[in-house]
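# Descriptive structure summary
Read off the chains here:
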Amino acid sequence: MSYQRKSGLVTRDRGALIGLVVCLALVVTPALSQDKAEATSDSEERFSEEIFVEGSAGTAARSASIAAKVDVPLRLTPASVSVVTRALSTEQNSVTLTDALRNVSGVNVHTNAGVNDFFLIRGFDSLSGGLVLTDGVAEPEATFYQLYNVERVEVLKGPGGFLYGGNPLAGTVNLLRVKPASRKFWRAGVGAGSYDTVRGRFDVNFADNDGRARFRLNGMAHDSEGYRDDKDNNSFALNPVLDLSLGRSGELRFDVEVMENEYSPDVGLPISGAMSFDLPRKRSYQSPFDFSVQDVTRLRVDWESMIGGSLSLHNKVYSSELDWRSDGTIFNGVFPIQTGDLFLFRILIPLDDRQLFIGDQFEAELTTMKHSWLFGLEITERRDEFQIDVTGLPPISLFDPVETATSPGPPIPGFSQFGDSRRQVIAPYFLDRVQVSDQFQVFWGARLDMMEFEDRFAGVVRDDDEVSPLLGLVYSPSPRVATYLNLGRSFSPPSTRASGELEPEESEQIEIGLKGDITRRMQGSLSLYHLERQNMAIFDDNGFTAQIGTQRSQGVEAELAGAIGGLHYQLACSYNDSELVEFNELLLIPPFFTPLLLDRSGNDPAFAPRDTWNFWIAKTFANGIGVGGGGRYVGSHFIAEDNVFKVEDALSFDASVFWDRDQWRLALNLKNITDEEYDTRGFGSTSVIPAAGTSVFVSLDFRQ
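Residues numbered from 1 in each chain as written. Predicted model: local features only at pLDDT ≥ 70, side-chain atom pairs only at ≥ 80, totals over all residues. Heavy atoms only, no water.

## Observations concerning the environment of G602
Relative to the elements of secondary structure, G602 occurs in the loop between β32 (594-599) and β33 (611-620). Judged by relative accessible area, G602 falls into the partly exposed class, the value being 33%. Considering only alpha carbons, one finds G602 and E641, 39 residues apart in sequence, at a separation of 9.7 Å. (Helix = DSSP H or I, 4+ residues; strand = E, 2+ residues; numbered from the N terminus. Buried < 20%, exposed > 50% of the residue type's maximum accessible area, 1.4 Å probe, protein only.)

## Quick word on the nonpolar core
Formed by 29 residues in total, the largest nonpolar core has its most connected members in V267, L279, Y285, I330, L344, I349 and L398. Among the elements of the structure, β15 (251-263), β18 (311-336), β19 (342-367) and β20 (371-388) are those that each provide at least two residues to this core. Ignoring sequence-local partners within four residues, the contact set of L344 consists of P270, Y285, F331, G333, V334, P395 and I396. Counting residues in hydrophobic clusters, the runner-up holds 27 residues, among them A67, V83, L163 and F357. (Core = buried A, V, L, I, M, F, W, Y, C linked by side-chain atoms within 4.5 Å. Contact = heavy atoms within 4.5 Å.)

## So, the sheet that holds strand β39 (residues 679-681)
Sheet strands line up and pair through hydrogen bonds in the backbone, either parallel or antiparallel. Pairing in this open sheet of three strands is antiparallel, and the strands run β16-β40-β39 from one edge to the other. Bordering the open sheet on either side are β16 (269-270) and β39, each of which pairs with just one other strand. Looking at chain direction, β16 and strand β40 (residues 687-690) are connected through two bridges and run antiparallel. Within the sheet, the bridge partner assigned to P270 lies in β40 and is S687. (Pairing = 2+ DSSP bridges.)

## Regarding the pattern of salt bridges
Evaluated as defined, the whole model comprises 43 salt bridges. As a salt-bridge pair, E559 and K157 come within 3.6 Å of each other at their nearest N and O atoms. Placement of the pair is E559 in strand β29 (residues 545-564) and K157 in strand β9 (residues 150-157), with a sequence separation of 402 residues. No difference in accessibility class separates E559 from K157, as the two residues are buried. Taken together, the shared-partner salt bridges in this structure form one network comprising D135, E139, R177, K179, D255, E257, R298 and R300. (Salt bridge = Lys/Arg side-chain N within 4 Å of Asp/Glu carboxyl O.)

## With respect to the pairing of β20
Relative to β20, β19 runs antiparallel, the two sharing 17 bridges. Looking at β20, one finds that D360 is bridged to I379. From the end of β19 to the start of β20, which pair antiparallel, there are three residues.

Quick look at the structure:
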């Protein structure tokens, strides 16, 4: 839950390298041997504003906008960028952001105590080192990002501060939502499946005869009992969008989204040190008072206009609000009591958190013979008002649990936390894409964030100025193959737990890569990177919080996508070596919460496996019947910085069968079809959450 970030609580496998070697061979060999005669001229593509199109099979993208704010062919982007299209999400029955991110190399996905999306990019977690955007606007922390109205998910790996400012130390994820179309249509769908899951959705679009006014309304509702005991969850969302043509002066868009996510918190099953217990995988030790309700509101007003053929202007006024109320049980450990039985010690964490991001983005795009310029100015204010308490709960028997709590206890003195912060930012930025020659391009840019920060409860007032630069080089030895190099730096505001003269956390990366349109219907990428994060707030040798922590990651990633006949495929794999170069941890040992400082330097970060790979293959036949299937492998990894308890590696498989013809689509999706038992993120070093077993979902859609 949010309190995990706000309070700061939080045998290496080699076998999967075989899979990585296969991936590299698939990507590199065809690219290097590509016949130049097959390629068409690249001069027209090089500086065209390529409109996003799905691949021939509808699941592979050829361009993305996340690295330049305008669509750039993936082959000519000097960074590791992955795209998950709506067509692929539909085939896989993806519901939330973490479902989509399973297709991206170098990403490990989990939940945050079962109540919001949580993921790691190149070994850095999304709460402290990542940034989630909706249509280019930063999202508050954190919720389940529903995909019912998302056209595609774009992922930029590495520092993203050159365009997006604070927090994208290791990666940026942008959810691009659907927009109104110039024709009338409507679609609706229902579905039901395992764990009493039911889901409904609709998509309605209206347009006047000349297309000057367009309106689109998307909505969804979801209800499920969940895989584990007492884990009911439901969601509701509505997203109306209105587009108006202003003639020669441009386009105006009004976009509103309201969403409610109500999930039961889940920190899983308890563990003790390196030992787990033989417990039913569905059993829950949460208190009867646990709940989590998140109300999300997004408002956008966009205006854009073309001036001549070379200058375009765009202005976005936005507001994003998260209202989060929850009570969540967490575990303190398993201990024997007088009877000799093992009991689980628990506490309850009430949270009341309201975050509001408001701001304005103004951007100008200018194209000349050799340059494509982007100039931008963002003015924003980010508010966060929260209160976190700690209340007691009675212990509960580990093997014969009987709940005895009748009401939450009073807050424990000295453990409550309060926040009332305001961060105001004025940030000019620019990016220039320079065509030096037909084979060589340079991307260079930077963003200056001028920040004023105030926390009324902590009595902290601070001014910071941070520059986030980017340099990217692209060399195309042939029209279909490109190599690239990028150097980047990003920052994150310093932790409020530290004191004294504070500096923002920083990350620096160097990355080289190879990309290729291996054939007209196949593309691949290969990247090697070294990423380091500095100025992390950790405990020094005297037990005081200081900015002395360092983490680094280095590795290799490969992706391949394409189509052969009526069959299309996606393949992604990665090898990541992450290390806590300097890291201390302060533990409070129950039952008297005795402080103990431990040095974790040299250990692995939590939930950062060395090896991950996944694939998806599908084929649609002439009669509209299609089949698809894929697998995902995640190598073993530790659940906490102490590197005591290791989650074993896991290999799971999904499949789908569908009929898509005329106005109907009927689909059957099966997940974890081999019923693989594996564990995901719980809370710190005290628990893990068992992953769901085999599940089935049937859906029926109609379009008109």
